[in-house]
Amino acid sequence: MLTFLGGEMLNKILKVLVLIPGVLFVLTGIRWLVMPSEVAVTFGLDLSEGLGRSTLIGDMASFFLTLGSCMLIALITNKREWYYPPAMLLVIAAIGRLIAWLIYDADLATGPIMVELIVASIILFASRHLPQD
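This one's a predicted model, so the numbers in the text were calculated from it and none came from an experiment.

> Please clarify how helix 1 (residues 7-34) should be interpreted in this entry.
Side chains three or four residues apart in an α-helix point the same way, a direct result of the helix having 3.6 residues per turn. Relative to the 40 Å expected for 28 residues at 1.5 Å per residue, helix 1 spans 40 Å between its end C-alpha atoms, a close match to the ideal helical length. Of all the residues in helix 1, the buried ones are Leu 10, Asn 11, Leu 14, Val 18, Pro 21, Gly 22, Phe 25, Val 26, Thr 28, Gly 29 and Trp 32. Elements in contact with the buried residues of helix 1: helix 2 (36-42), helix 3 (50-77), helix 4 (84-104) and helix 5 (110-129).

This is how it looks when you write it as structure tokens:
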């Protein structure tokens, strides 16, 4: 355990560092369900039509709601296993963005990739220090 901040202080900081993005991810998931055209613009997406629109709204809402919910459940239950699904989702999303850039001529999404990797790192660090088991 890191002791330069003291165990209790480190735990409080880690909880806040997991809580804030967890809540933001849940809110983003809800926004995909209640105002998809507005949130799509913030992601640089076009809502498309028909099945494409259904897929985009459903998949993006489920991604963010699952991501945030797992983070919040991890904090509430103090169970280590709840930290791993959101970390996996974020790392796989970052890898997918890199593949899109390398193979499919997409723009390199440096900002989103950095956010995904930083939050995943915080989650994995928290998984080692917060759970009681």
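> It is not clear to me how unusual backbone geometry should be interpreted in this structure. Could you clarify?
Excluding glycine, residues mostly have negative phi values, and the peptide bonds linking residues are mostly trans. Of note in the backbone geometry, Asn 78 takes a positive phi value of approximately 60 degrees without being a glycine. Within the secondary structure layout, Asn 78 lies in the loop between helix 3 and helix 4. Phi is positive for Asp 105, close to 60 degrees, though the residue is something other than glycine. Mapping Asp 105 onto the fold places it in the loop between helix 4 and helix 5. A residue is classified by how much of its surface remains accessible, and Asp 105, at 72% relative accessible area, is exposed.

> Mind showing me how you'd approach the packing of helix 1 against helix 3 here?
Two quantities define a packed helix pair, namely the angle between the helix axes and the distance between the axes. For the pair helix 1 and helix 3, the least separation of the axes is 7 Å and the interaxial angle reads 155 degrees. In terms of axis orientation, helix 1 runs roughly antiparallel to helix 3. When you trace helix 1 past helix 3, the crossing you get is left-handed. When its residues are assigned to classes, the contact of helix 1 with helix 3 shows 19 nonpolar, five polar and one charged.

Calculation criteria
- Residues numbered from 1 in each chain as written.
- Predicted model: local features only at pLDDT ≥ 70, side-chain atom pairs only at ≥ 80, totals over all residues.
- Heavy atoms only, no water.
- Helix = DSSP H or I, 4+ residues; strand = E, 2+ residues; numbered from the N terminus.
- Expected span 1.5 Å × (residues − 1).
- Buried < 20%, exposed > 50% of the residue type's maximum accessible area, 1.4 Å probe, protein only.
- Contact = heavy atoms within 4.5 Å.
- Axes fitted to C-alpha atoms, helices over the stretch in contact; angles between N-to-C directions.
- Parallel < 35°, antiparallel > 145°, perpendicular 65-115°, else oblique.
- Left-handed = near helix turned anticlockwise from the far one by under 90°.
- Nonpolar A, V, L, I, M, F, W, Y, C, P; charged D, E, K, R; others polar.

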